[in-house]
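Examining the three-dimensional arrangement
As a plain string of letters, each chain reads:
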Amino acid sequence: MEVPLQVIGSGFGRTGTMSVKLALEFLGLGRCHHMGELFANDWQVPHWRAAARGERVDWEMLMTGFGACVDWPSAHFWRELSEAFPDAKVIHTIRSPEIWWESYSETIMKFISVGEMMPAGVVREMSRWCIEVIGTHTFGSVFTDRQAGIRAFNRRLSEVREAVPKDRLLIFDVSEGWQPLCDILGLTVPDVPFPHANDRSDFWHNFTTGS
């Protein structure tokens, strides 16, 4: 029997989402969806593009096999996923907005620009998705607009705080380690270091190897 989605990440990419993915998987929540999963699950791409167009999506089908989801593309649909999985906790990953932009501009922003020129495939399709969803829908501008990006970053935090009940929500900086994450999930804190993954060099290694 499939375990329903237990955690929904609402934070932007480059806020420690890969570290949270690894942490949740270590804690036994099953596979955690992350943009990196699309390389192995390219059948999902048309569904994410349909969701971006406002079309109806079968969220249970799309999240089958995953106990959690973080990062884009799922983070953009945190409201819809929260309604589809009302028992799931919402984890909103944060960091300094300025440091976030610096990291985003050196990774995801460049990925979008490079990916759009790639041959047909998952990278190009997700780059175009990012142009539309991150730029137009989230930033309300273009995906390279620093001021719009930082405004959107702060706005997302306010929206999540307003919409999600406190007992269901964790505002989480990965520098806090295991304790807050385990507290909201009702789990014991592991006696191992909290994962640290996907720094900028990791990002480009994963991009070039397709993992």
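Described in the following lines is the structure provided in the data block. Since the structure is predicted, the reported quantities are computational estimates derived from the model, not experimental observations. (Residues numbered from 1 in each chain as written. Predicted model: local features only at pLDDT ≥ 70, side-chain atom pairs only at ≥ 80, totals over all residues. Heavy atoms only, no water.)

1. Quick look at the sheet that holds strand β5 (residues 169-172)
Selection rule: Here a strand pair is declared whenever DSSP counts at least two bridges between the two strands. Secondary structure elements follow DSSP: runs of H or I no shorter than four residues count as helices, runs of E no shorter than two count as strands, and numbering proceeds from the N terminus. Axis geometry follows a simple rule: fit a line to the C-alpha atoms, using only the stretch in contact for helices, then measure angles between N-to-C directions, giving values from 0 to 180 degrees. Contact between two residues is taken to exist if any of their heavy atoms lie within 4.5 Å; hydrogens are not considered.
Taken in spatial order, the five strands make up an open sheet running β2-β3-β1-β4-β5, and their pairing is parallel. Both outer strands of the open sheet, β2 (31-33) and β5, are each paired with one neighbouring strand and no more. Direction aside, neighbouring strands of the sheet carry axes that sit 30° apart on average. Each of β1 (7-9), β4 (89-93) and β5 touches helix α9 (residues 178-185); the most contacted strand, β5, lies at about 175° to it.

2. Concerning the packing of helix α2 (residues 45-52) against helix α7 (residues 122-139)
Two quantities define a packed helix pair, namely the angle between the helix axes and the distance between the axes. How we decide: Comment on the angle field: the value is read as roughly parallel under 35 degrees, roughly antiparallel over 145, roughly perpendicular from 65 to 115, and oblique elsewhere. By definition, any crossing whose near helix is turned counterclockwise from its far helix by less than a right angle is left-handed, and any crossing with a clockwise turn is right-handed. For this classification, the nonpolar set comprises Ala, Val, Leu, Ile, Met, Phe, Trp, Tyr, Cys and Pro, the charged set comprises Asp, Glu, Lys and Arg, and every other residue, Gly included, is treated as polar.
In contact at an axis separation of 10 Å, α2 and α7 are set at 20° when each is read in the N-to-C sense. Classified by the angle their axes make, α2 and α7 are roughly parallel. You can see that α2 and α7 cross each other, and the crossing is left-handed. On α7, the residues that touch V45, W48, R49 and A52 of α2 are V122, E125, M126, R128, W129, E132, V133 and H137. Residues of the contact of α2 with α7, tallied by class, amount to seven nonpolar, one polar and four charged.

3. Here's the deal with the pattern of salt bridges
To be explicit about the condition: Counted as salt bridges are all cases of a side-chain nitrogen of Lys or Arg within 4 Å of a carboxyl oxygen of Asp or Glu.
The tally for this structure, following the rule as stated, stands at six salt bridges. Where K21 meets E37, a salt bridge forms, and the shortest distance between an N and an O atom there is 2.7 Å. Taken together, the residues span a long stretch of sequence, with K21 in helix α1 (residues 17-26) and E37 in the loop between β2 and α2 at a distance of 16 residues.

4. Some thoughts on the layout of surface pockets
Test applied: Cavities and pockets are defined on a 1 Å grid built over the protein atoms alone: a cavity is a set of grid points where a 1.4 Å probe fits but cannot escape, while a pocket is an open set with protein on both sides within 12 Å along at least five of seven lines, and lining residues are those with an atom within 4 Å of any such point. Grid points are joined across faces, edges and corners, and a volume is the space filled by probe spheres set on the points.
When its volume is computed, the second largest pocket comes out at roughly 240 Å³. Every residue lining the second largest pocket is counted, 15 residues in all, and those nearest its centre are V3, P4, L5, E60 and F85. Of the residues assigned to the lining of the second largest pocket, the class counts are nine nonpolar, three polar and three charged.

5. Concerning the environment of S19
This is how the line gets drawn: Buried means the residue's accessible area, taken with a 1.4 Å probe over protein chains only, is under 20% of the maximum for its type, while exposed means over 50%, and partly exposed covers the values in between.
By the element assignment, S19 lies in helix α1. For S19, a relative accessible area of 3% puts it in the buried group. As for S19 and A197, which are separated by 178 residues in sequence, their C-alpha atoms are 5.2 Å apart. Beyond its immediate stretch of four places on either side in the chain, S19 contacts F194, P195, H196 and A197.

6. Considerations on α2
Of the residues making up α2, those classed as buried are V45, W48, A50, A51 and A52. Contacts made by the buried residues of α2 are with β2, α3 (59-62) and α7. Immediately beyond the C-terminal end of α2, within one or two residues, lies G54, with a positive phi of roughly 85°.

7. Re the environment of T17
Here T17 is to be found in helix α1. Given the relative accessible area of 5%, T17 is considered buried. Sequence separation between T17 and V70 is 53 residues; the distance between their C-alpha atoms is 6.0 Å. Apart from residues no more than four positions distant in its own chain, T17 is found in contact with G11, F12, H34, V70, D71 and T93.

8. Topic: the packing of α1 against α9
Relative to each other, α1 and α9 sit at 50°, their axes nearing to 12 Å. Accordingly, the angle class assigned to the pair α1 and α9 is oblique. Crossing angle aside, the handedness with which α1 passes α9 is right-handed. When α1 is examined against α9, the residues A23, L24 and F26 are found in contact with a partner set consisting of W178, L181 and L185. Across the contact of α1 with α9, the residue classes break down as six nonpolar, no polar and no charged.

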